[in-house]
Amino acid sequence: MFRRGIRRSLPRRDRWHALQEYAVGETNAEEFRLLRARDSSVSATVAAHSHEVKIDWKAWEGKISNKETLSCLKDFHAQQTALLDAVLKEDHLTAVKGQKEGWELYDNAKESCSKSVEKSQTILRNGARALWISFQNPPVSLVSQNEWLDTDQYWQAFVEKHHYYHNHIASAVEDPESKEYDAKQKADLQKKWEAFDGRGTTRQNNKLLYQRPSFEYYDVYRGPLIEHMIFYLTKTGGDARTFPETMPVQWFAEIYDTRFKVYNVLQRRKRQAQEAALSRDCHMDFHPHDLEHDGEAYYSKLIAKESALTEVTMGRLMGNYILFSDAYIPVQTGQAFYRALQADGGKGTFYSLGSDVYCLFYKPAGEALAMPDPTECFHSLADYASLTGRRFEVGYAAAMEGFAEVLESRKEGLGGSWFTAPGESSKDAFMRRLKKSDPAYEIYKAYAEEYTEKWAGAKALSMEQAMAEMPEIERKYQLECQEYGSVLFGLSDEFSAAGKMEQEQLAKLADQGTLQAQLDSGAYVAIEGSTKISKAADLTKAVEEFEATKDKSVDAILATKLPALEKKK
């Protein structure tokens, strides 16, 4: 009876069936159809048992021995039935219509709900703005304080509020915004400082590491000092004495981008080698096995090796006055001769600096040659190495490409030039940038003077004369290439030790009979002149001949004197 009364007072069940028109899509329509089917099943079950069932108290008197409990149940049932019958007999619609007071509560509730809806709409609009601002924020490499931190109030407040990093998984046991947590972080930071400072400093002068000037930070962290200094010198072409206290934030982002580009290549190489060998421990290329203890010595040797390689390369360029010849195309081989003629169809002029210079210089007709970009030069060098059967190590190639990109970025501040100022020659730019305290300054100065004298007496050649001189020049150039290896591994300490180790390794592989397999698989690539050595016996013989003639070539080169330096004595 009570259930039937409730159904009469509440809205009809079938009214919600009209919501089916809002079920969009096949999935929603199918779910709504199943829901109506279940509702119909429930309605049918209720209708089947809708007749009134009376309680047979006489039957229960025979089943229940506790007459007091039975009497209480019978009285409670009679009381509840009378109460429900009285409620159902009342005219609730008339009572509601006759209600004149108490509507203030309804109006207040309605007004409160309206304000809540307005507040929700405000929150929705602010959330949309925050999502739009977050989407429009620049990438990390372009972040600046003016465009990001000062305009984004959310992150500004976050940075100001959270002084220290906190692992929020541990928020249940410690409050990252409490004074106790700040004190704990300060104590841990001072403890770490005392642990690895290495100078026995106990008094911190009320300064934490991030509050100290950058020169004290670089005094502790030598690795970042070398990295930041190399980037600064490459980026600006300035002097180490003008190294700033703090570089712009965009430069730090550029350093991180370049670093992780190299790490991306090195990590792929490490993964391939480690998975192929199934080894537990494997270190990346250009990294020592124990970076923490051997890192400084390893990278000191690596920098010294690169410096020595640069000096030897510069010396070879100076040998034929190719260095600073930015307005000419050096020609030492028949292939280079043909490529030079292709520059302008053979309309230019060849120049010779004398019989003692094993090189011709071709000046194309028309406008002067433009200064090539660093990345263009690196790609040309890498392509040439690949075409001749050689290749750079992938980590070294990635680092050199990143170096060239940073070097080329100077053009933004030098009016499109990365090395010379407008109207300045490469010789003047090089001598301007070279410090007078450099040990090789006098050598470069003497070369610059001799370079000027040589070009003052340069002789223009016709096409027939240039072609007649090319065979002899190319022969001497090939001899020079052969002697270059003697100079590289005989004079330079950075390369001689590595050369001896590699020679011993080749001899050991030859004795074991595995050298031929290494050559066939491509693990070792041997080049002599412009041909590839494919037999182990020929490679062993070439190495022995090189060792036999290396010392003689070094002695002959050391006996050579530079005329320009002799004049200064």
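This is a predicted model, so every value here is computed, not measured.

Caption draft 1: Representation of the sheet that holds strand β3 (residues 360–363) within the structure. With respect to topology, four strands assemble into an open sheet ordered β1-β3-β2-β4, the strand pairing being antiparallel. A single partner strand is all that each edge strand has here, and the edge strands are β1 (329–331) and β4 (459–461). Shown here is a sheet whose adjacent strand axes are inclined to one another by a mean of 35°, direction ignored. Bridging between strand β2 (residues 349–352) and β3 involves four bridges; their strand directions are antiparallel. Along β3, the bridge assignment pairs T349 with K363. Along the sheet face, helix α14 (residues 334–344) touches β1, β2 and β3 and points at about 150° away from the line of β1.

Caption draft 2: Representation of helix α4 (residues 67–89) within the structure. Compared with the 33 Å implied by 1.5 Å per residue over 23 residues, the 33 Å span of α4 between its first and last C-alpha is a close match. Residue N66 occupies the N-cap position of α4, its side-chain oxygen lying 3.3 Å from the main-chain nitrogen of E68.

Caption draft 3: Structural view of the pattern of salt bridges. A complete count under the given rule lists 14 salt bridges for this structure. A salt bridge links R432 to E424; the shortest N-O distance between them is 3.0 Å. By sharing partners, the salt bridges in this structure join E472, R475 and K476 into a single network.

Caption draft 4: Layout of helix α18 (residues 441–456). Here α18 contains 16 residues, and its C-alpha end-to-end distance of 23 Å stays within 8% of the 22 Å for a straight helix at 1.5 Å per residue. Within α18, burial applies to Y441, Y444, A446, Y447, A448, E450, Y451, K454 and W455.

Caption draft 5: Geometry of a negative patch on the surface. Together, E528, D538, E544 and E545 give the surface a local cluster of negative charge. Among the elements that make up the negative patch, the one with the highest residue count is helix α22 (residues 536–558) (three residues).

Caption draft 6: Structural context of unusual backbone geometry. Positioned with a positive phi, F286 is a non-glycine residue whose angle comes to about 60°. The topology assignment puts F286 in the loop between α12 (249–277) and α13 (291–319). On the basis of relative accessible area, F286 is assigned to the partly exposed category, the value being 23%. Positive phi outside glycine occurs at Y321, with the angle close to 60°. Here Y321 shows up in the loop between α13 and β1.

Caption draft 7: Up close: a nonpolar patch on the surface. A cluster of nonpolar side chains, I226, I230 and I303, forms an exposed patch at the surface whose accessible area comes to about 260 Å². Position of I303 among the secondary structure elements: in helix α13. Judged by its relative accessible area of 45%, I303 falls in the partly exposed class.

Caption draft 8: The packing of helix α11 (residues 222–236) against helix α16 (residues 394–408), seen in detail. Running from amino to carboxyl end, α11 crosses α16 at an angle of 50°, the nearest separation of the two axes being 7 Å. In terms of their interaxial angle, α11 and α16 are classed as oblique. Seen along the crossing, α11 lies across α16 with a hand that is right-handed. Here α11 contributes F231, T234 and K235 to the contact with α16, which in turn contributes F403, V406 and L407. Here the contact of α11 with α16 is built from residues that sort into four nonpolar, one polar and one charged.

What counts as what
Residues numbered from 1 in each chain as written. Predicted model: local features only at pLDDT ≥ 70, side-chain atom pairs only at ≥ 80, totals over all residues. Heavy atoms only, no water. Pairing = 2+ DSSP bridges. Helix = DSSP H or I, 4+ residues; strand = E, 2+ residues; numbered from the N terminus. Axes fitted to C-alpha atoms, helices over the stretch in contact; angles between N-to-C directions. Contact = heavy atoms within 4.5 Å. Expected span 1.5 Å × (residues − 1). Polar contact = N/O pair within 3.5 Å; in protein donor to acceptor, adjacent residues only side chain to side chain. Salt bridge = Lys/Arg side-chain N within 4 Å of Asp/Glu carboxyl O. Buried < 20%, exposed > 50% of the residue type's maximum accessible area, 1.4 Å probe, protein only. Patch = residues over 30% accessible without salt bridge, like charges linked within 9 Å, V, L, I, M, F, W, Y side chains within 5 Å. Areas by Shrake-Rupley, 256 points an atom, 1.4 Å probe, with all protein chains shown as cover. Lys, Arg positive; Asp, Glu negative; His and termini not counted. Charge placed at Lys NZ, Arg CZ, Asp CG, Glu CD. Parallel < 35°, antiparallel > 145°, perpendicular 65-115°, else oblique. Left-handed = near helix turned anticlockwise from the far one by under 90°. Nonpolar A, V, L, I, M, F, W, Y, C, P; charged D, E, K, R; others polar.

Fair warning: the whole summary comes from geometry, so function is off the table for now.
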